[in-house]
Amino acid sequence: HVRQIRQGAEKAFGNRFILWSMGALALVFTVSYTFASSYQPYLTEVGFDVKQFAFILPLLFVIEALGGAWSERITSRLGETVAFWGSFLLIGASLLSLGLLASRSVLPVILVYGFLQGFARPLVSTYANRYIESEHRATIISVQVMASTVASAIVLFLFGLFTDRIGVIALAAVIGL
C-alpha cells in the first residue's frame with residue numbers, strides 16, 4: 001500500500017494540472033466548509049430569529065440537493081470549464097454579497113450559495129473521474145481531502161480570530177474576495 005500511495009502522490013505532485021486543480025478544489029471546499037460553520041451566527045447577526053432556522057436551514061439543504069441533482073444537466077449545457085469557473089466565481093460573488101448586503105434580504109443570496117455548493121460537488125467528482133487515472137484516483141482524492149482538511153483547520157482558526165476582530169458579516173465579504 002505504501003508503494004501505491006507514493007505512486008499516487010508522485011502522480012499528483014508531478015502533474016501541474018492535477019496539482020493546481022487539487023489546490024483550487026481544496027480552496028473552494030475550505031471556504032465552503034468555513035462559511036457552513038458560520039451560517040447560524042451570520043443569520044442571527046443579519047436579523048433572523050433562531051426560531052426561523054427551523055425553516056431556513058432545511059430549505060437551504062433542499063436547495064443544495066437540487067443543485068447537486070441539476071449539476072450534470074447544467075454542466076452538459078454550459079460545458080465543464082464554464083460550469084467550473086462559473087460556480088467558483090459565483091460562490092465568491094455570493095459570499096461577497098452576503099458581506100456587503102447584510103440584512104434579512106440576503107436570504108435569496110444564501111439560497112443561491114447553497115445551490116452552488118450542491119452544484120459543485122458532482123462537478124468535482126466528474127472532473128476527478130475524467131482526468132485522473134483510475135489506478136491513482138483514490139490516492140489523489142485522498143491527498144486532496146487531507147489537504148482540504150488541514151487547510152480547513154488552519155482557515156477556521158484564522159477566521160475565528162478574524163470574526164472576533166471584524167465580525168461575521170465582514171468576514172463573509174473577506175471570504176468572498
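Look a little higher up for the structure.
An account of the accompanying structure is given in this report. (Residues numbered from 1 in each chain as written. Predicted model: local features only at pLDDT ≥ 70, side-chain atom pairs only at ≥ 80, totals over all residues. Heavy atoms only, no water.)

Moving on, we come to the overall build of the chain. Counting its regular elements, the chain contains 8 helices and 0 strands. Ordered by position in the sequence, the α and β elements of the chain form the string α-α-α-α-α-α-α-α. Buried residues in the chain amount to 42% of all 177 residues. Considering only contacts within the chain whose residues lie at least 6 apart along the sequence, 80% involve residues at least 24 apart. If you sum the accessible surface of the chain, you get close to 10100 Å²; carbon and sulfur atoms cover 67% of it. (Helix = DSSP H or I, 4+ residues; strand = E, 2+ residues; numbered from the N terminus. Buried < 20%, exposed > 50% of the residue type's maximum accessible area, 1.4 Å probe, protein only. Contact = heavy atoms within 4.5 Å. Areas by Shrake-Rupley, 256 points an atom, 1.4 Å probe, with all protein chains shown as cover.)

The end-to-end C-alpha distance of helix α5 (residues 80-100) is 30 Å, a good match for the 30 Å that 21 residues give at a rise of 1.5 Å each. Among the residues of α5, those classed as buried are E80, A83, F84, S87, I91, G92, S94, L95, L98 and G99. Buried residues along α5 cover an arc of 155° about the axis, so they all sit on one side. For α5, the exposed residues set more than 90 degrees away from the buried face come down to T81, L89 and L100. (Expected span 1.5 Å × (residues − 1). Arc of directions from axis to C-beta.)

Quick look at the packing of aromatic side chains now. This model, assessed by the stated rule, comprises 4 aromatic pairs. Geometrically, the ring pair formed by F84 and F88 is stacked, given 6.3 Å between the ring centres and 15° between the ring planes. Residue F84 and its partner F88 are both found in helix α5; the two are separated by 4 residues, about one turn of the helix. Ring-pair connections join several aromatic residues into one group, and the members of that group are F84, W85 and F88. (Phe/Tyr/Trp six-rings, centres within 6.5 Å; stacked < 30°, edge-to-face > 60°.)

A word on the nonpolar core. Grouped burial of nonpolar side chains is what soluble globular proteins tend to show. By size, the foremost hydrophobic cluster in this structure holds 30 residues, and its most contacted members are Y42, L43, F48, L98 and I110. For this core, the secondary-structure elements that each account for two or more residues are α3 (39-45), α4 (53-78), α5, α6 (107-131) and α8 (168-176). Per-element tally for this core: the top contributor is α6, with 8 residues. (Core = buried A, V, L, I, M, F, W, Y, C linked by side-chain atoms within 4.5 Å.)

It is worth spelling out the environment of R104 at this point. Looking at where R104 falls in the secondary structure, it is placed in the loop between α5 and α6. Given the relative accessible area of 43%, R104 is considered partly exposed. Considered as a pair, R104 and E45 are 59 residues apart in the sequence and their alpha carbons are 9.4 Å apart.

For the rest of this paragraph, the subject is α8. α8 sits mainly inside the fold: 7 of its 9 residues count as buried. Residues V168, I169, L171, A172, A173, I175 and G176 constitute the buried set of α8.

Locating T75 in the fold gives a position in helix α4. In this structure the side chain of T75 is engaged in a polar contact, spanning 2.7 Å, whose partner is the backbone oxygen of S71. With near-sequence residues (within four places) excluded, T75 lies in contact with E80, A83, F119 and L123. (Polar contact = N/O pair within 3.5 Å; in protein donor to acceptor, adjacent residues only side chain to side chain.)

On the basis of relative accessibility, which here comes to 12%, the residue T75 falls in the buried class. A C-alpha to C-alpha distance of 9.9 Å links T75 and P122, two positions 47 residues apart in sequence.

Attention now goes to a nonpolar patch on the surface. Among the surface-exposed residues, V150, I154, F157, L158, L161, F162, I166 and V174 lie close enough to one another that they form a single nonpolar patch of about 720 Å² accessible area. When residues of the nonpolar patch are assigned to their parent elements, the largest contribution, 7 residues, is made by helix α7 (residues 134-166). Summarising the element assignment, V150 is placed in helix α7. (Patch = residues over 30% accessible without salt bridge, like charges linked within 9 Å, V, L, I, M, F, W, Y side chains within 5 Å. Salt bridge = Lys/Arg side-chain N within 4 Å of Asp/Glu carboxyl O.)

It is worth spelling out the packing of α5 against α8 at this point. The interhelical angle for the contact between α5 and α8, taken along N-to-C directions, is 155°, at an axis separation of 7 Å. It follows that α5 is roughly antiparallel to α8 by the angle criterion. Here α5 and α8 pass one another in a crossing that is left-handed. On the side of α5, the interface is formed by G92, L95, L96, L98 and G99, while α8 contributes I169, A172, A173, I175 and G176. Grouping the amino acids of the contact of α5 with α8 by side-chain chemistry returns 7 nonpolar, 3 polar and no charged. (Axes fitted to C-alpha atoms, helices over the stretch in contact; angles between N-to-C directions. Parallel < 35°, antiparallel > 145°, perpendicular 65-115°, else oblique. Left-handed = near helix turned anticlockwise from the far one by under 90°. Nonpolar A, V, L, I, M, F, W, Y, C, P; charged D, E, K, R; others polar.)

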